[in-house]
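In case you want the letters, here they are:
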Amino acid sequence: MVDAIVAEGLSKTFNGSVKAVDGVSFSVREGEIYGFLGPNGAGKTTTLSLLTAVLGPTAGQATVDGLDVFRHPHDLKQRIGLVFQESTADQDLTGRENLELAAALFGVPLRDTPKRVDYLLSRLALSEASERLVKTYSGGMRRRLELAVGIVHSPRVLFLDEPTLGLDPQGRAGFWKIIQELRQESGMTVFLTTHYLDEADGMCDRIAIIDHGKIVATGTPSELKDRLGGDVVTVRPLGNAAALEPALKALPGVTAVTAQDGTFRVKCPGGDVLIPKIVGAATALGIPIAGISLRRPSLDEVFLEFTGREYREDEGPTATDRAVFLTRFQQSRRGIR
Amino acid sequence: MSSVRRWAALTRRELLKLARNPAAIGTSLLLPILYLVLFGQGFNFSSFLSSPYLTPDQRLALLHSNLLGAPDYFSYFSAGMVGFVAVTATLFVGANVIFDKLFGTLKRTSATPATATDIFGARLFAGSIQPVALAFLVLGLAILLGDLGLSGLHITASVSVVGAAEVVVAILLLSVMFASLFLSLGFTIEQPQTYFAVVNAINLPVLLTSAALYPWGAMPVWLQTIASYNPVTLAVWVLRINFFGDTYYTYAAWFYLLGLFAWAVGMFTVATLLTRRALAPRK
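Read on for an overview of the structure. Keep in mind that this is a model prediction, so the values were computed, not measured.

1. Structural notes on the environment of Phe-175 of chain A
Residues and elements named next belong to chain A. When you line up the elements, Phe-175 lands in helix 6 (residues 169-186). We classify Phe-175 as buried; it has 22 C-beta atoms within 10 Å. With 13 residues separating them along the chain, Phe-175 and Met-188 place their C-alpha atoms 16 Å apart. Ignoring anything within four residues of it in the chain, the contact list for Phe-175 reads Arg-143, Pro-163, Thr-164 and Leu-167.

Here is the structure:
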């Protein structure tokens with residue numbers, strides 16, 4: 001598969017001393033949703049600004065869609081879409097006028113512009129508000145318009161900088177549903193920065209965790225979680241079941257077994273596959289099982305593992321927000337309204 | 001073609017915003033109207049010369065030498081108001097750049113294939129045609145006041161087609177010059193407070209070192225020397241030559257237009273360079 005984005009030793013130092021990005025190297029495959037995850041000030045937006053030629057680098061190279069970002073910034077802008085974390089649409093223009101302006105600036109053929117604008121307004125549920133000035137739009141509508149402006153020219157690579165910042169869980173779920181669908185329809189590559197762990201977990205094919213300007217880990221969400229030792233299967237046998245511990249340790253794939261208060265915590269990659277084997281081993285030993293549960297490590301733990309500190313709540317959504325977001329997101333994927 | 005389309009789209013945006021902000025147009029008009037209706041009526045320089053010791057001919061000669069051929073101070077001063085309008089109406093173009101920076105709109109435009117030339121060109125065009133329109137409104141109002149029996153603009157020379165064209169070009173060049181100046185400030189300065197402080201520091205000295213308001217004959221020589229290089233003076237002279245004749249002027253109108261052109265080109269060049277630098281990827 002071709003790489004849509006390649007960064008090599010990308011660095012950005014401000015005022016000669018503040019290293020915002022420090023020798024970052026990574027690649028994003030075509031059609032992938034790639035997430036840059038990190039706390040505020042980690043270097044996410046600076047990296048995105050370098051990849052979109054908004055900033056010039058202190059060192060390093062980058063190509064996007066095969067183009068050298070720093071040698072051909074003008075050509076690059078034609079091929080990429082960019083959605084900023086704040087609303088940048090002109091508030092004194094209507095939604096339609098903003099889209100028409102963007103279409104003209106990106107060189108969408110004049111005869112195709114009305115059709116494309118109508119399609120995007122309809123696709124992003126803005127048709128009814130299309131003739132209203134943007135200053136009258138809600139936060140969610142502004143985000144959707146921002147996305148429409150970013151993809152008006154059908155870019156090959158879409159950059160999203162904290163695109164759901166400030167949206168409620170329902171708005172976030174709706175936004176990501178659209179991104180997923182657009183990706184499936186057009187096959188565009190999506191590079192996003194976020195500090196919402198649940199978004200990165202639910203949306204991204206691969207993730208890079210960035211902290212203090214350096215990438216500290218990359219991989220699929222599952223791979224990153226597996227690096228923590230995999231899933232944890234908690235087994236609660238009935239009565240004295242000391243004989244079960246060596247049997248559990250002997251099971252293939254098990255990396256650690258700890259006993260506490262009559263329960264066993266079994267660490268292994270692919271815990272769902274292990275559960276029938278655990279039940280089989282217990283049955284063979286004649287040990288009845290009162291309960292068994294599987295817990296996959298969350299990205300919170302991954303973040304803690306690779307950055308050495310807990311993910312701060314003030315940098316992300318509340319636990320309730322996350323729960324509501326995940327529920328809404330799963331419902332929207334299943335087509336439930 | 002695509003560059004023309006980008007420029008046209010950006011110009012349309014500027015004009016739509018302008019049309020939806022009548023307060024900005026009203027504010028630009030209000031000040032010159034107040035000057036014409038209040039200052040112009042109250043400060044009737046001609047009445048100072050109504051001494052019984054002067055014959056009508058002496059009085060006229062004195063007026064003409066002070067007002068470079070204009071029949072009265074109001075007529076002299078109302079042509080000068082055009083320079084005033086060019087300054088006050090164009091200062092908004094720079095302010096709009098700063099607000100577009102603050103609201104992220106400029107960042108959005110910079111993320112598109114639109115070049116610095118497209119962005120600057122559209123703002124310059126939209127920013128220059130507004131003062132031209134306002135200038136003619138001011139001149140029309142000044143003539144109308146005379147028709148209403150108040151002090152008004154009395155054009156004593158017969159304005160030829162070439163003369164009318166010279167007037168339009170002079171107003172346009174002055175507007176381009178000031179729009180370029182304020183755009184370069186807008187692209188360079190980040191905060192609106194700083195911008196308006198700098199603009200105020202420029203506006204008043206520019207007007208007070210020009211021949212827009214003062215009777216030329218009453219100005220000290222050193223001020224006349226400074227004023228003769230001031231672009232506002234050059235534009236106003238083109239208007240006055242065409243409205244009141246060229247008897248009191250050293251050069252023909254085209255010569256002053258040439259000086260104005262040099263000012264406009266110089267400021268346009270500086271503004272283009274500063275805009276390009278401001279919109280280039282930050283190092």
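2. A few points about helix 3 (residues 56-67) of chain B
Residues and elements named next belong to chain B. The terminal C-alpha atoms of helix 3 lie 16 Å apart, and with 12 residues this matches the ideal 16 Å at 1.5 Å per residue to within 8%. For helix 3, the full list of buried residues reads Leu-63, Asn-66 and Leu-67. One face of helix 3 carries all of its buried residues, which in axial projection span an arc of 85°. In helix 3, the exposed residues that point more than 90 degrees away from the buried face are Asp-57, Gln-58 and Ala-61. Residue Leu-68 follows helix 3 closely and has a positive phi angle near 50°.

3. As for the interface of chain B and chain A
Contacts between the two partners involve 21 residues from chain B, matched on the other side by 25 residues from chain A. The element best represented in the side of chain B that touches chain A is helix 1 (residues 2-19) of chain B, accounting for 7 residues. Grouping the amino acids of the side of chain B that touches chain A by side-chain chemistry returns 7 nonpolar, 5 polar and 9 charged.

4. As for the sheet that holds strand 11 (residues 231-237) of chain A
Residues and elements named next belong to chain A. Taken in spatial order, the 4 strands of this open sheet run 12-13-11-14, and their pairing is antiparallel. Looking at the sheet topology across the chains shown, the edges are occupied by strand 12 (256-260) and strand 14 (289-295). Strand-to-strand twist across the sheet, computed as the mean angle between neighbouring axes with direction ignored, equals 15°. Across 6 bridges, the pairing between strand 11 and strand 14 is antiparallel. Considered in strand 14, the bridge of Val-232 is made with Arg-295. Across the face of the sheet, helix 10 (residues 271-284) comes into contact with strand 11, strand 13 (263-268) and strand 14 while running at roughly 25° to strand 11.

5. Quick notes on unusual backbone geometry
Glycine aside, residues mostly have negative phi, and peptide bonds are mostly found in the trans state. Residues and elements named next belong to chain A. A positive phi angle is found at Asn-15, which is not glycine, with a value near 55°. Residue placement: Asn-15 occurs in the loop between strand 1 (3-14) and strand 2 (18-29). One non-glycine residue, Asp-261, adopts positive backbone phi at about 50°. Turning to its location among the elements, Asp-261 is positioned in the loop between strand 12 and strand 13.

6. What to know about the packing of helix 2 (residues 22-42) of chain B against helix 6 (residues 116-147) of chain B
Residues and elements named next belong to chain B. Where helix 2 meets helix 6, the axes come as close as 11 Å, and the angle between the chain directions of the two elements is 25°. Here helix 2 is positioned roughly parallel relative to helix 6, judged by the angle of their axes. The way helix 2 lies across helix 6 gives a crossing that is right-handed. Touching Ser-28, Leu-29, Pro-32, Ile-33 and Leu-36 of helix 2 are Leu-134, Leu-137, Val-138, Leu-141, Ala-142 and Leu-145, all from helix 6. Its residues assigned to classes, the contact of helix 2 with helix 6 shows 10 nonpolar, 1 polar and no charged.

7. A short note on the environment of Asp-161 of chain A
Residues and elements named next belong to chain A. Here Asp-161 shows up in strand 7 (residues 157-161). Overall, the presence of 22 C-beta atoms within 10 Å leaves Asp-161 in the buried class. Residues Asp-161 and Asp-68, spaced 93 residues apart in sequence, show a C-alpha to C-alpha distance of 21 Å. Apart from residues no more than four positions distant in its own chain, Asp-161 is found in contact with Thr-45, Leu-48, Val-83, Phe-84, Gln-85 and Thr-193.

8. Thoughts on the pairing of strand 13 of chain A
Residue and element names in this part refer to chain A. Only one face of strand 13 is buried: it carries Phe-264, Val-266 and Cys-268, and the other face, with Thr-263, Arg-265 and Lys-267, is open. One ladder, built from 5 bridges, connects strand 11 with strand 13; its direction is antiparallel. Each residue of the ladder has a partner; that of Val-233, found in strand 13, is Val-266. Pairing of strand 12 with strand 13 involves 5 bridges; the strand directions are antiparallel. Within strand 13, the residue paired with Ala-256 across the bridge is Lys-267. Between strand 12 and strand 13, which pair antiparallel in sequence order, lie 2 residues; one of them, Asp-261, sits at a positive phi of approximately 50°.

9. Considerations on the nonpolar core
Residues Val-82 and Ala-235 of chain B are the most contacted members of the largest nonpolar core, which totals 160 residues. The greatest single-element share of this core, amounting to 17 residues, is contributed by helix 4 (residues 73-102) of chain B. Discounting chain neighbours no more than four positions away, the residues touching Val-82 of chain B are Ala-135, Val-138, Leu-139, Ile-171, Ala-235, Val-236 and Leu-239 of chain B. Residues Ala-241, Leu-248, Phe-264 and Ala-282 of chain A belong to the second largest nonpolar core, which totals 12 residues.

10. Notes on the environment of Arg-5 of chain B
Residue and element names in this part refer to chain B. Among the secondary structure elements, Arg-5 is positioned in helix 1. Judged by the 16 C-beta atoms lying within 10 Å of it, Arg-5 is partly exposed. Separated by 109 residues in the primary sequence, Arg-5 and Ala-114 place their C-alpha atoms 10.0 Å from one another.

11. What to know about the packing of helix 7 (residues 161-188) of chain B against helix 11 (residues 253-279) of chain B
Residue and element names in this part refer to chain B. Remark: helix 7 packs on helix 11, axes separated minimally by 8 Å, with the N-to-C direction vectors making an angle of 25°. By the angle between their axes, helix 7 is roughly parallel relative to helix 11. Note that helix 7 runs across helix 11; the crossing there is left-handed. When the residues that make up the contact of helix 7 with helix 11 are grouped by side-chain class, the tally is 21 nonpolar, 4 polar and 1 charged.

Parameters and conventions
Residues numbered from 1 in each chain as written. Chains lettered and ligands numbered in written order. Predicted model: local features only at pLDDT ≥ 70, side-chain atom pairs only at ≥ 80, totals over all residues. Helix = DSSP H or I, 4+ residues; strand = E, 2+ residues; numbered from the N terminus. Buried ≥ 20, exposed ≤ 12 C-beta atoms within 10 Å, placed from the backbone. Contact = placed C-beta atoms within 7 Å. Expected span 1.5 Å × (residues − 1). Arc of directions from axis to C-beta. Nonpolar A, V, L, I, M, F, W, Y, C, P; charged D, E, K, R; others polar. Pairing = 2+ DSSP bridges. Axes fitted to C-alpha atoms, helices over the stretch in contact; angles between N-to-C directions. Parallel < 35°, antiparallel > 145°, perpendicular 65-115°, else oblique. Left-handed = near helix turned anticlockwise from the far one by under 90°. Core = buried A, V, L, I, M, F, W, Y, C linked by C-beta atoms within 7 Å.

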